[in-house]
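Okay, here's what each chain looks like letter by letter:
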Amino acid sequence: MDFASSERAGAQPREITSAKIVIAGGFGVGKTTLVGAVSEIEPLTTEALMTSAGQGVDDASKVPGKETTTVAMDFGRITMADDLILYLFGTPGQTRFWFMWDELIRGAVGAAVLVDTRRIADAFAPLDYFENRHLPYIVALNCFDGAPRYEPDEVREALAIPPHVPLVMCDARHRESVKAVLVQVVEHAMATLVAEQSGGYPAVVG
Amino acid sequence: MGQPQDPRGNLVRPYAVTRGRTEPRRDIPIEAILVASQAAVQEARFAGHDKYRIAVLCEAKPQSLAELSAFTRQPLGVARVLVADMVADGLLSLHSAAPKKGFTERMDLLERVLSGLRKL
Ligand SMILES: Nc1nc2c(ncn2[C@@H]2O[C@H](COP(=O)(O)OP(=O)(O)OP(=O)(O)O)[C@@H](O)[C@H]2O)c(=O)[nH]1
Ligand SMILES: [Mg+2]
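Residues numbered from 1 in each chain as written. Chains lettered and ligands numbered in written order. Predicted model: local features only at pLDDT ≥ 70, side-chain atom pairs only at ≥ 80, totals over all residues. Heavy atoms only, no water.

On to the overall build of chain B, then. Each helix and strand counted, chain B has 6 helices and 3 strands in total. Overall, chain B shows an N-to-C arrangement of helices and strands of α-β-α-α-β-α-α-β-α. For chain B, with 120 residues in total, the buried portion stands at 52%. Considering only contacts in chain B between residues 6 or more positions apart, those separated by 24 or more positions represent 67%. Accessible surface, chain B: about 5900 Å² in total, of which carbon and sulfur atoms supply 50%. (Helix = DSSP H or I, 4+ residues; strand = E, 2+ residues; numbered from the N terminus. Buried < 20%, exposed > 50% of the residue type's maximum accessible area, 1.4 Å probe, protein only. Contact = heavy atoms within 4.5 Å. Areas by Shrake-Rupley, 256 points an atom, 1.4 Å probe, with all protein chains shown as cover.)

On to the packing of helix α4 (residues 65-72) of chain B against helix α5 (residues 76-88) of chain B, then. All names here are of chain B. Contact geometry of α4 with α5 gives a least axis separation of 9 Å together with a crossing angle of 110°. In terms of their interaxial angle, α4 and α5 are classed as roughly perpendicular. Handedness of the α4/α5 crossing: right-handed. Contacts between α4 and α5 pair Leu65, Leu68 and Ser69 from the former with Leu76, Ala79, Arg80 and Val83 from the latter. Looking at side-chain class alone, the contact of α4 with α5 contains 5 nonpolar, 1 polar and 1 charged residues. (Axes fitted to C-alpha atoms, helices over the stretch in contact; angles between N-to-C directions. Parallel < 35°, antiparallel > 145°, perpendicular 65-115°, else oblique. Left-handed = near helix turned anticlockwise from the far one by under 90°. Nonpolar A, V, L, I, M, F, W, Y, C, P; charged D, E, K, R; others polar.)

So, about the pairing of strand β1 (residues 17-24) of chain A. All names here are of chain A. Most of β1 sits inside the fold, with 8 of its 8 residues counted as buried. On β1, burial covers both faces: Thr17, Ala19, Ile21 and Ile23 on one face and Ser18, Lys20, Val22 and Ala24 on the other are all buried. Here β1 runs beside strand β4 (residues 84-90); their pairing, made up of 7 bridges, is parallel. Following the sheet pairing, serine 18 is matched in β4 by isoleucine 85. Direction of pairing for β1 relative to strand β5 (residues 110-116): parallel, over a ladder of 4 bridges. Along β5, the bridge assignment pairs valine 22 with alanine 111. (Pairing = 2+ DSSP bridges.)

Before going further, it helps to examine the site of ligand 1. Residue and element names in this part refer to chain A. Around ligand 1 there are 16 residues in total, and Gly28, Lys31, Thr32, Thr33 and Asn142 lie nearest to it. Residue asparagine 142 places a side-chain N or O atom 2.5 Å away from an oxygen atom belonging to ligand 1. Tallying contributions element by element places helix α2 (residues 31-38) first for the shell around ligand 1, with 3 residues. Of the residues in the shell around ligand 1, the class split is 5 nonpolar, 7 polar and 4 charged. (Near = heavy atom within 4 Å. Polar contact = N/O pair within 3.5 Å; in protein donor to acceptor, adjacent residues only side chain to side chain.)

Counting 65 residues, the largest nonpolar core has Phe130 and Val139 of chain A together with Val83 and Leu92 of chain B as its most contacted members. It is α5 of chain B that provides the largest number of residues to this core, a total of 8 residues. Counting residues in each nonpolar core, the second largest holds 36 residues, with Ile78, Met80, Leu182 and Val186 of chain A among its members. (Core = buried A, V, L, I, M, F, W, Y, C linked by side-chain atoms within 4.5 Å.)

Residue and element names in this part refer to chain A. Taken across its 6 residues, strand β6 (residues 137-142) has 6 buried, putting it largely inside the fold. Judged from the 6 bridges that link them, β5 and β6 form a sheet pairing that is parallel. Bridging from a neighbouring strand, valine 113 pairs with valine 139 of β6. For the segment spanning β5, helix α4 (residues 124-131) and β6, crossover handedness is right-handed. Here β6 runs beside strand β7 (residues 167-170); their pairing, made up of 4 bridges, is parallel. Counterpart to alanine 140 in the pairing with β7 is valine 168. (Right-handed = clockwise from strand over helix to strand, strands pointing away.)

Contacts between chain B and chain A engage 49 residues on the former and 57 residues on the latter. Of the roughly 4700 Å² buried at the junction of chain B and chain A (both faces included), carbon and sulfur atoms supply 65%. Run the count over chain B and chain A and you get 6 salt bridges. Notably, a salt bridge pairs arginine 77 of chain A with glutamate 67 of chain B, separated by 3.1 Å at the nearest N-O pair. If you look at where chain B meets chain A, you find 15 residue pairs in polar contact (both at pLDDT 80 or more). Elements represented by at least two residues in the side of chain B that touches chain A include exactly α1 (9-12), β1 (33-35), α2 (38-44), β2 (63-64), α4, α5, β3 (93-95) and α6 (103-119) of chain B. (Buried area = accessible area lost by both parts, 1.4 Å probe. Salt bridge = Lys/Arg side-chain N within 4 Å of Asp/Glu carboxyl O.)

All names here are of chain B. Considering the arrangement of structural elements, one finds arginine 45 in the loop between α2 and α3 (49-60). Residue class for arginine 45 comes out partly exposed when judged on its relative accessible area of 47%. Once the C-alpha coordinates of arginine 45 and alanine 55 are considered, the two residues, 10 residues apart in sequence, prove to be 8.9 Å apart. There is a polar contact of 3.0 Å between the side chain of arginine 45 and the side chain of glutamine 42.

Spelled out as structure tokens, the structure:
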């Protein structure tokens, strides 16, 4: 039985690995734009069913009468090799859908929290979320046209971003800029892993 | 159930394609990769339209659960039930479903992703 099944599905001798990076941030900060700037496909959308309270719905019959809604997440893909695919997932803009954020960050390499410099205070909720999770993240300031230009240190102070969290400027529309953000996420994930290995950072329990 | 007058109608209907089943046979991460062989595509002809469509997509190139949900326009939970069935029935092979554990394995993956990004 098992043999027959693997025969039929088989054909692909090599294990394909996928990795994901989460692009987080509040409503309209440029998540989809960032994903689209590097993705090999137009960003796609997947929807999950949720109660309006932000819980996932597995069984409709368990939540009779509760308001339900769909929450959309968009994502892009970068095929790096025959056996390696990177996915970039944008979080739902509405930060109340924490349930979905939890699913998105599970197994992720790391995250970038996008901040719109015109609405800095919108970043508090996403930043608080990551502060309490065990996932390496960086902060990327998306510089919109005509937005006030802050020094990175001013933003770090205003948002109380801890010193060990990298902070970068970016333009979500530009491929090279987005590449640099993603490189930072991965480098930070590596540094965090090394530090953990040598007992450096205390592990935050998520 | 699922009648137009049912206040839960909108919610129940997406699960019609799974015959009302909402629990997948196994949990599959959103970024897990699914692959189908040509033989599996032939066999999936008899598994219904949705599963056939999924098999065709996964034969053309490896696809994540998220992509299958997007391309078939099924909510994630529905796509997950269908895909889990297909894995159990040997129509799809599942890749990258377990998170990398251990320092070396995780570091290797990060290094590969980093060099992939630099080559973009
Ligand atoms: N000037 C400028 N505009 C940008 C930048 N990034 C995004 N935009 C624009 O800002 C608007 C919102 O960007 P989206 O990428 O849709 O933002 P989002 O975070 O995906 O939004 P939601 O999914 O609705 O939360 C779009 O009109 C973009 O064209 C940027 O770096 N600079
Ligand atoms: Mg968006």
